[in-house]
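Architecture and fold: a report
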Number of protein chains: 2
Amino acid sequence: MASSAPRGRRPGSPDTRSAILAAARAAFAAKGFAGASVRGIAADAGVDASLVHHYFGTKDDLFLAALELPVDPREVLGPALAAGVDGAGERMLRVFLSVWDDPELRLPLLGVVRGIVDSDGHRLMREGFLPVVLEPVGLALGIDRPDVRMPLVASQVFGLIVMRYVMQVEPIASMPADDVVAIYAPTLQRYLSGPLP
Amino acid sequence: MASSAPRGRRPGSPDTRSAILAAARAAFAAKGFAGASVRGIAADAGVDASLVHHYFGTKDDLFLAALELPVDPREVLGPALAAGVDGAGERMLRVFLSVWDDPELRLPLLGVVRGIVDSDGHRLMREGFLPVVLEPVGLALGIDRPDVRMPLVASQVFGLIVMRYVMQVEPIASMPADDVVAIYAPTLQRYLSGPLP
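Treat the numbers as computed from the prediction; the structure is a model and nothing was measured.

1. Quick look at the overall build of chain A
When you go through chain A residue by residue, the secondary structure sums to 10 helices and 0 strands. Secondary structure elements in chain A, listed N-terminal to C-terminal, are α-α-α-α-α-α-α-α-α-α. Against the globule reference of 16 Å for 197 residues, chain A gives a C-alpha radius of gyration of 18 Å, in line with a compact fold. In terms of its C-alpha atoms, chain A occupies a principal-axis envelope of roughly 50 × 35 × 35 Å. Evaluated residue by residue, chain A yields a buried proportion of 49% over its 197 residues. Long-range contacts, defined as pairs at least 24 residues apart, comprise 68% of the intrachain contacts of chain A with a sequence gap of at least 6. In the structure as shown, chain A presents an accessible area of about 8,700 Å², 57% of it carried by carbon and sulfur atoms. Across chain A, the centroid of the 19 positively charged side chains sits 3 Å from that of the 22 negatively charged ones.

2. Here's the deal with the relation of the copies chain A and chain B
For these two chains of identical sequence, chain A goes onto chain B by a turn of 180 degrees and a shift of 0.0 Å along the axis, with RMSD 0.0 Å. With respect to symmetry, the two chain copies, as superposed, fit the operation of a two-fold axis. For chain A, the minimum C-alpha distance to the rotation axis belongs to Gly159 of chain A and amounts to 2.0 Å. Comparing interface residues between copies, 100% of those in chain A also lie at the interface in chain B; the contact surface is shared.

3. Things to note about the interface of chain A and chain B
Counting from both sides, the interface comprises 36 residues of chain A and, opposite them, 36 residues of chain B. Each partner contributes to the roughly 3,100 Å² buried at the junction of chain A and chain B, and carbon and sulfur atoms together form 71% of this total. Taken together, chain A and chain B are joined by 0 salt bridges. Inspection of the region where chain A meets chain B yields 12 residue pairs in polar contact (both at pLDDT 80 or more). Within the residue set of the side of chain A that touches chain B, elements represented by two or more residues are helix H7 (103–116), helix H8 (119–141), helix H9 (146–166) and helix H10 (177–193) of chain A. For the side of chain A that touches chain B, the element with the most residues is H9 of chain A, which contributes 13 residues. Considering only residue class, the side of chain A that touches chain B consists of 24 nonpolar, 6 polar and 6 charged.

4. Examining the packing of aromatic side chains
Inspection of the entire model under this criterion finds 12 aromatic pairs over all chains. Taken together, a centroid distance of 4.9 Å and an interplanar angle of 20 degrees make the contact between Trp100 of chain B and Tyr165 of chain B stacked. In this pair, Trp100 of chain B sits in helix H6 (residues 88–100) while Tyr165 of chain B sits in helix H9 (residues 146–166), placing the two residues 65 residues apart along the sequence. Note on Trp100 of chain B: relative accessible area 6%, which makes it buried. A connected cluster of aromatic rings, assembled from ring pairs, spans Phe28, Phe33 and Phe63 of chain A. Across from the ring centre of Phe33 of chain A, 4.7 Å away, lies the NZ or CZ of Lys59 of chain A, which sits over that ring.

5. A look at the environment of Lys31 of chain A
All names here are of chain A. Take Lys31: it is sitting in helix H1 (residues 14–35). Taking relative accessible area as the criterion, Lys31 reaches 46% and is therefore assigned partly exposed. A C-alpha to C-alpha distance of 13 Å links Lys31 and His122, two positions 91 residues apart in sequence. Lys31 has contacts with Ala36, Arg123 and Glu127, leaving out every residue within four places of it along the chain.

6. Focus: the packing of helix H2 (residues 38–45) of chain B against helix H3 (residues 49–56) of chain B
Residue and element names in this part refer to chain B. H3 packs onto H2 with a crossing angle of 100 degrees between their chain directions and a minimal axis gap of 8 Å. Judged by the angle between their axes, H2 and H3 are roughly perpendicular. Taken together, the residues of H3 that come into contact with H2 (itself represented by Val38, Arg39 and Ala42) are Ala49, Val52 and His53. Split by residue class, the contact of H2 with H3 holds 4 nonpolar, 1 polar and 1 charged.

7. Some details on helix H5 (residues 73–82) of chain B
Residues and elements named next belong to chain B. Along H5, the residues that are buried comprise Pro73, Leu77, Ala80 and Leu81. The arc enclosing the buried residues of H5, seen along the axis, measures out at 95 degrees, which places them on a common side. Exposed residues pointing more than 90 degrees away from the buried face of H5 are listed as Pro79 and Ala82. Trailing H5 by a residue or two, Gly84 shows a phi angle of about 90 degrees, which is positive.

8. Topic: the nonpolar core
Residues Phe28 and Met92 of chain A together with Phe28 and Met92 of chain B are the most contacted members of the largest nonpolar core, which totals 140 residues. Those residues in contact with Phe28 of chain B, other than ones at most four positions away along the chain, are Phe33, Ala36, Ile41, Lys59, Leu62, Phe63, Ala66, Arg123 and Leu124 of chain B.

9. As for the packing of helix H1 (residues 14–35) of chain B against H2 of chain B
All names here are of chain B. Between H1 and H2, whose axes approach to 8 Å, the crossing angle comes to 125 degrees. Compared by their axis directions, H1 and H2 come out oblique. Every pair of crossing elements has a handedness; the one defined by H1 and H2 is right-handed. Of the residues in H2, those touching H1 at Ala19, Ile20, Ala23, Ala24, Ala27 and Phe28 are Ile41, Asp44 and Ala45. In terms of residue class, the contact of H1 with H2 is made up of 8 nonpolar, no polar and 1 charged.

Rules of the game
- Residues numbered from 1 in each chain as written.
- Chains lettered and ligands numbered in written order.
- Predicted model: local features only at pLDDT ≥ 70, side-chain atom pairs only at ≥ 80, totals over all residues.
- Heavy atoms only, no water.
- Helix = DSSP H or I, 4+ residues; strand = E, 2+ residues; numbered from the N terminus.
- Rg over C-alpha atoms; globule rule 2.2 N^0.38 Å.
- Buried < 20%, exposed > 50% of the residue type's maximum accessible area, 1.4 Å probe, protein only.
- Contact = heavy atoms within 4.5 Å.
- Areas by Shrake-Rupley, 256 points an atom, 1.4 Å probe, with all protein chains shown as cover.
- Lys, Arg positive; Asp, Glu negative; His and termini not counted.
- Charge placed at Lys NZ, Arg CZ, Asp CG, Glu CD.
- Least-squares fit on C-alpha atoms with pLDDT ≥ 70 in both.
- Buried area = accessible area lost by both parts, 1.4 Å probe.
- Salt bridge = Lys/Arg side-chain N within 4 Å of Asp/Glu carboxyl O.
- Polar contact = N/O pair within 3.5 Å; in protein donor to acceptor, adjacent residues only side chain to side chain.
- Nonpolar A, V, L, I, M, F, W, Y, C, P; charged D, E, K, R; others polar.
- Phe/Tyr/Trp six-rings, centres within 6.5 Å; stacked < 30°, edge-to-face > 60°.
- Lys NZ or Arg CZ within 6 Å of the ring centre and 35° of its normal.
- Axes fitted to C-alpha atoms, helices over the stretch in contact; angles between N-to-C directions.
- Parallel < 35°, antiparallel > 145°, perpendicular 65-115°, else oblique.
- Arc of directions from axis to C-beta.
- Core = buried A, V, L, I, M, F, W, Y, C linked by side-chain atoms within 4.5 Å.
- Left-handed = near helix turned anticlockwise from the far one by under 90°.

In structure tokens, the structure reads:
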């Protein structure tokens, strides 16, 4: 979708962009994704709402920019989802590993994870990451009860990320990607398409 | 084991106890569990090593006191492990849930989890929690390759804790314990006794 226009890279005054991002972070943390508005964020930053859209695109895009993710999860996960739910656990896991195992992406991603455990950060994740990222993933896969299944997937992916990349617990930290897939893909697949209580 | 003597509750000068705990935290974070010594911690706190043992028991006990866990995981998990590996995933999960679902324990446990993502905290967990808590659990269960299996279990338990108690992501946050068990116990059981690559 409009991948020819690199999101969040449009030219503009660095000060204005920073002011908008700071206002967005504060608003999303205080009001949640649904409660914050682009108009309100623009007012807080002292700019016109049209400028926010010009710099950052949609409210979803602005949210992802505020999270400071070094990649757009909607873009990197897209191909893994296109083939449907069969095998999606493994394909999604391989995407996560390829992103996290990239040394240039790992440091900024670690910053995002550290931010999650402070109260603003986890409100951002709970009320923004889920509707902006996880729910569309569930919809793209066409699974039943995506509102239950996607948080289950997130619970295992997050725990894996903490062990492998944040705490660097062995043997998970140094495990070849294929072994990580052999262990965790069946878990993700069960959460995506297995029985639920 | 010596459960008649309430650990970490022996009388003593609060200042001396605090000084020992502060020295222990600094030493475990800087040198890891294996690298820190009770003798060195005593010296840093300006007391005799025998006083450390008197107040806190073994080095393992001192480590758990330094983590400020509100319960001793070795004690609460003991009965879940005694019956062996069959069904241990479910029994361990029920222990975790009963501890975390206790309102008096949750707040201090949340403090421990928040501490994990700062660099001292995750070094404490990586180099102390694993040898002091996870490895004995694996040994008590008599599983093969406990050094691989227990970190896998920890990766799912930690992700579940973050979703249910830290970020409070729905529907996981409000899910009845029996539903959490139905979803997660098979995952833990597979990590404990299923095939490994």
